[in-house]
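Residue-level structure breakdown
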Amino acid sequence: MPTLPDLDITFQDHLLPAVTAGTYRVDVRHVLKDANGDIDGPDGSPDKLPATSEEFEVRAAQFVLDPSSVHAVFPAPKASGDYALVLPHITLNRPSLPWEREPKWSRVEARAPWVALMVFREGELPDDPDALGLAASRTVAQLCRPGESGILGPAITGLPAETEAGTCRTIDIPAPLFRRLIPTEDELYYLAHVRKVSKRTRRFEGEVLTEGDYAVLTANRFPRTGGAYTAHVVSLEGHDKPLAGTIPGGTTHLRLCSLWSWSFTSDPDARFDAPGLLKNLIAPSLSNDPNRLTLRLEPQPTGTTDTEDTYVKERLKLGYVPIPHRVLSGELGYAWYRGPCTPVTAPQVPVAPGEHTTADHLLIYEEEHGLFDVSYASAWTLGRAIGLADPDYAADVTRARRELANQAAAMMALAADPARSARAAAVGEAVPRPGLDWLHTLAETPLASALAAPPVDPVDVPRALPRIPLTRAEARATLTTKAAQGALRAAADQHTASMPDWLDRLGLLRGVPFHYLVPHPGMLPDESLRVFAIDPSWIAALVDGAASVGIHTSLDQRLNATLRAATTARTTGARPAAGMLLRSQLVPAWPAMTITASRAGTDLAELRRTHLAPDTLLILFDDVPDTLSLREPGQGIHFGIDNGGLIGLRQLTPDTTPPLGATLPGRTFPTTGTVFSHFLRPGDEEVLSLLGATGMVPALAQALGKPTLRPGELALELVNAPLEQLLLPGHEEPTHE
């Protein structure tokens, strides 16, 4: 797997289109003038140049949002977790969408968006009491002119009849709840911004984002109370008076158009404790024994020091496990097995490809203790079983062997026929083309010359050279000539089909059952991380077993080297050198977890990443790493505050140290208390106050030494720093960057 590109993220305040949605008229009038003034006729005269007028309409989303407009949301739909520190947000693919309609109440110099993201808790919306993200389907006319008493819709007039007849999704918000949650106009300006993502020479704080330009809407409510929540992108068009604080008397609910919605569950009890899980993963290495993070069984203390006990402990430390084994004589005992994932660098074992015809050839016998090491024999047998189980691969390799054997048989038959052999040599063929020998004869003697020649006495016609009886050894010796080897290799190249790609995948352990990788459950317990080196001889035996499929005769065995050479020449040769296994709740919670391995400061390439089980992740690297980093996924930027209710301040001044956007070491906000104790709306435990007496924006600007903050700068400060755990000597705590 190639490394991800480095990206640059730019936060912009807004993206105002040159023309907002609406109907426009263009008047065109021609005027001819000279030094004395107009030279065309007066208005209404036949000589007057005609004027023209054209109307056009600029359209934008109004009551319905196309699903393709939504790039991502956070928290994810139907997700469950501790989101008490998160401000939910939605990322839109069209960067100008929040500003394509111009609210009448908005200031031009700091135009607020016409949409907002509002978050509701279960039991707050009458149309969706369980906070499932539901909305009522109504016509646009029912949205703008509700027939129910006490419900106030948007003051939108002049719509065409076909537009009013169309359907849209609506929610009715109780008036007190609307007053409590709706941001002010100035706050709306800060709750939308544009994000531009492009390639650059470095990553931005380790985040991995999709390139492009996006609009982002952020909510002003922290889901701090446990339970279900729903987020709605609502249209504010036509709600000028309510947004200004004026709601007519007798209004019980306000009807808003919901353009998009999703639901999630907030769990403030922290049943999913990501920092604690990350710390626990490396806890075994903190006991001054880093080998405890390797993939092996931990020897249990026995209190004895006899030779046998020491021998068993040493074997376990090397990554072996005992397994039942029945020898050919019938006795049942045990043998040692170690898979491809080893806690130590495995010694080189001569596994010559193509030389083994049975698994017994790869058994290792330990004479001192009378035990077998069945590791490589098991790998060979497994590779053969995987190859036979795949009908496409088995058919390809069998077809290739038959074609190669047919070619070899024809070449040996040619060697026993001097006439055909001489003719084939004359035309430069290693094997004559079947059934076309008479054409060669006709081509050598023109037909006209043959008819004009005098008749020949049959007695003088030379007989064909007699066939030469060859022994099997002599016939097969003819296959060793340079011409024969070239012909056989050409045939093998032609018929290897998909075999090289299939063997490449097998070399990355695809299709290998889990218990061959982890032969004992105690090697990978719950909430554990294990690193390992790869035994190349084990993989060589695995691939050799698969490549042995279809060998039925001694001729197949003799030609196997040619077929293997043709196959190997087309393989990538990519083989893993090391890897890691992670079994944890983090795997399903963070399916796109960012894991980086490096050696001497250079990132290693991931050759394979796969989920072996819902809670188990396998990653293979092209080299042995000396540093491993586990980071909370950053496919989208999360907005909110960091652990402890504080904001880790980021650099807003370009061309400085640390660079723009980087965290300021040791700088947090506020210096006393938390965001929740200072910057929530009075009497509310969840709604953020951005401006005013309890506003966070002016206080945050003062802490950063700036007169004020722009929306893009506030978004940068509210980026949740991802959790990161480094696997380094002496590094204990998961950190935020």
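Calculation rules
- Each chain has its residues counted from 1, following the order in which its sequence is written.
- Per-residue local features are limited, in this predicted model, to residues with pLDDT of at least 70; the limit for side-chain atom pairs, both in listing and counting, is 80 or more; totals at the level of whole chains, interfaces and linings are taken over all residues.
- Excluding hydrogens and water, the side-chain figures rest on all heavy atoms present in the structure.
- Numbering of helices and strands starts at the N terminus; helices are DSSP runs of H or I of at least 4 residues and strands are runs of E of at least 2.
- Methods summary: accessible areas were calculated by the Shrake-Rupley approach with a probe of 1.4 Å, and residue burial reflects only the protein chains presented.
- Each residue carries a pLDDT score, the predictor's confidence in it, ranging from 0 to 100.
- Pairs of residues are marked as contacts when any of their non-hydrogen atoms sit within 4.5 Å.
- What makes a salt bridge here is a side-chain nitrogen of Lys or Arg within 4 Å of a carboxyl oxygen of Asp or Glu, nothing more.
- Residue burial is assigned from relative accessible area. The probe radius is 1.4 Å, only protein chains are included, and a residue is buried under 20% of its type maximum, exposed over 50%, and partly exposed in between.
- Think of it this way: DSSP has to see at least two bridges between two strands before they count as a pair.
- Only a pair of cysteine sulfur atoms within 2.5 Å qualifies as a disulfide here.
- Axis lines are fitted to C-alpha atoms, over the contacting stretch for helices. Their N-to-C directions set the angle, which ranges from 0 to 180 degrees.
- Left-handed describes a crossing whose near helix is turned anticlockwise from the far helix by less than a right angle; the clockwise case is right-handed.
- Charged residues are taken to be Asp, Glu, Lys and Arg, nonpolar residues to be Ala, Val, Leu, Ile, Met, Phe, Trp, Tyr, Cys and Pro, and polar residues to be all remaining types, Gly included.
- Remark: nonpolar core denotes a set of buried residues (Ala, Val, Leu, Ile, Met, Phe, Trp, Tyr, Cys) joined through side-chain atoms within 4.5 Å.
- When two rings of Phe, Tyr or Trp (its six-membered ring) have centres within 6.5 Å they constitute a pair, described as stacked for plane angles under 30 degrees, edge-to-face for angles over 60, and tilted for the intermediate range.
- Criterion for a charge above a ring: Arg CZ or Lys NZ at most 6 Å from the ring centre, at most 35 degrees from the ring normal.
- A residue counts toward a patch only above 30% relative accessible area and without a salt bridge, and it is joined to like-charged neighbours within 9 Å or, for Val, Leu, Ile, Met, Phe, Trp and Tyr, to nonpolar neighbours within 5 Å.

**Some words on the overall build of the protein**
Along the backbone of the protein there are 22 helices and 32 strands. Of the roughly 35900 Å² of accessible surface on the protein, a fraction of 55% belongs to carbon and sulfur atoms.

**Considering the confidence of the model for the protein**
The share of residues in the protein with pLDDT of 70 or more is 82%, and the mean pLDDT across the chain is 82. Within the protein, the lowest mean pLDDT, 40, falls on strand 32 (residues 735-736), and the highest, 97, falls on strand 12 (residues 167-174). Ignoring residues within four places in sequence, the model shows residues 200-208, a span with pLDDT below 50, making 36 contacts including any to other chains. Low pLDDT, under 50, characterises residues 729-737; the predicted model gives this stretch 29 contacts beyond four residues in sequence or across chains.

**Some details on the pattern of salt bridges**
Inspection of the entire model under this criterion finds 31 salt bridges. Of the charged contacts in the structure, one is a salt bridge between Arg138 and Asp172, with a shortest N-O distance of 3.8 Å. Remark: Asp172 occurs in strand 12 and Arg138 occurs in strand 10 (residues 136-139); sequence separation between them is 34 residues. Comparing Arg138 with Asp172 shows no difference in burial state: the two are buried. Between Glu606 and Arg609 there is a salt bridge, and its shortest N-O distance comes to 2.7 Å. With relative accessibility at 26%, the residue Arg609 sits in the partly exposed group.

**Observations concerning the sheet that holds strand 26 (residues 606-613)**
Note: strands within a sheet are paired through backbone hydrogen bonds, in either parallel or antiparallel orientation. Pairing within the open sheet is antiparallel, and its five strands lie in the order 19-22-23-27-26. The outermost strands of the open sheet, each flanked by one partner alone, are strand 19 (341-342) and strand 26. In the sheet, strand 26 pairs with strand 27 (residues 616-621) via six bridges, with the strands oriented antiparallel. The residue of strand 27 that forms the bridge with Ala613 is Thr616.

**Examining the environment of Leu363**
Counting through the fold element by element, Leu363 comes out in the loop between strand 19 and strand 20 (364-366). Through-space distance from the C-alpha of Leu363 to that of Asp373 is 6.2 Å; in sequence the pair is ten residues apart. Those residues in contact with Leu363 that sit more than four places away from it in its chain are Phe372, Asp373, Val374 and Ala377.

**Observations concerning the state of the cysteines**
Throughout the structure, instances matching the rule amount to zero disulfides. The thiol of Cys168 is unpaired, and the distance to the nearest cysteine sulfur, on Cys257, comes to 4.5 Å. Owing to a relative accessible area of 4%, Cys168 belongs among the buried residues under this scheme. On the basis of relative accessible area, Cys257 is assigned to the buried category, the value being 3%.

**Things to note about the packing of helix 8 (residues 375-389) against helix 17 (residues 536-547)**
Viewed as axis vectors pointing N to C, helix 8 and helix 17 meet at an angle of 35 degrees, and their least axial separation amounts to 6 Å. When you trace helix 8 past helix 17, the crossing you get is right-handed. Contacts from Ser375, Tyr376, Ala379, Trp380, Leu382, Gly383 and Arg384 of helix 8 reach helix 17 at Ser537, Trp538, Ala541, Leu542, Asp544, Gly545 and Ala546. Residues belonging to the contact of helix 8 with helix 17 are distributed by class as follows: eight nonpolar, four polar and two charged.

**Thoughts on the nonpolar core**
Judged by nonpolar contacts, the single largest core of 60 residues is most densely connected at Tyr393, Leu509, Val512, Phe532, Trp538 and Leu542. Each residue touching Val512, except ones within four places of it in the same chain, is listed here: Leu382, Ile386, Leu517, Trp538 and Leu542. Grouped together as the second largest cluster of nonpolar side chains are 34 residues, Leu65, Ile90, Leu117 and Phe264 included.

**Brief notes about the packing of aromatic side chains**
Per the stated rule, a full pass over the model turns up twelve aromatic pairs. Centroid distance Tyr229 to Phe264: 5.9 Å. Interplanar angle 10 degrees. Geometry classified as stacked. Taken together, the residues Tyr229 in strand 15 (residues 227-235) and Phe264 in strand 16 (residues 253-266) connect sequence positions 35 residues apart. Neither residue differs from the other here; Tyr229 and Phe264 are each classed as buried. Between Tyr311 and Trp336, the ring centres sit 6.1 Å apart and the planes meet at 75 degrees, which makes this aromatic pair edge-to-face. Taken together, the positions of Tyr311 in helix 7 (residues 307-317) and Trp336 in strand 18 (residues 332-337) put the pair 25 residues apart, joining distant regions of the chain. Judged on exposure class, the residue Tyr311 and its partner Trp336 are both buried. Taken together through their ring pairs, the aromatic side chains of Phe74, Tyr83, Tyr229 and Phe264 make up a single cluster. A cation sits over an aromatic face here: Arg224 above Phe676, 3.7 Å from the ring centre. Here Arg315 stacks its cationic end above the ring of Tyr320, 4.5 Å away from the centre of that ring.

**Focus on unusual backbone geometry**
Note: most residues except glycine have negative phi, and most peptide bonds are trans. Residues Phe74 and Pro75 are joined by a peptide bond in cis, for which omega reads -5 degrees. Structurally, the position occupied by Pro75 is in the loop between strand 6 (70-74) and strand 7 (80-81). Following Phe669, the chain continues to Pro670 via a peptide bond in cis, the omega torsion being -5 degrees. If you trace the backbone, Pro670 turns up in the loop between strand 30 (663-669) and helix 20 (675-678). Despite not being glycine, Ala131 has its phi angle at roughly 55 degrees, a positive value. Along the chain, the position of Ala131 falls in the loop between strand 9 (115-121) and strand 10. One non-glycine residue, Asp655, lies in positive phi territory at about 55 degrees. For Asp655, a relative accessible area of 81% corresponds to the exposed category.

**What to know about a nonpolar patch on the surface**
On the surface, a nonpolar cluster with roughly 220 Å² of combined accessible area is contributed by Val26, Val28 and Phe56. By the secondary structure assignment, Val26 is in strand 2 (residues 22-28).

**Looking at the pairing of strand 27**
Residues in a regular strand project their side chains so that they alternate between the two faces of the sheet. Taking burial as the measure, the six residues of strand 27 include six buried ones, the bulk of the element. Of the two faces of strand 27, the one holding Thr616, Leu618 and Leu620 and the one holding Leu617, Ile619 and Phe621 are both buried throughout. Pairing of strand 23 (residues 578-583) with strand 27, which is carried by six bridges, proceeds in the antiparallel orientation. Each residue of the ladder has a partner; that of Leu581, found in strand 27, is Leu618. Count of turn residues in the strand 26/strand 27 antiparallel hairpin: two residues.

**Considerations on the packing of helix 15 (residues 499-507) against helix 17**
In the contact formed by helix 15 and helix 17, the axes pass within 9 Å of each other and the chain directions differ by 145 degrees. The handedness of the crossing between helix 15 and helix 17 comes out as right-handed. Residues Trp502, Leu503, Leu506 and Gly507 of helix 15 form the contact with helix 17, whose own contacting residues are Ile539, Leu542, Val543 and Ala546. Residues belonging to the contact of helix 15 with helix 17 are distributed by class as follows: seven nonpolar, one polar and no charged.

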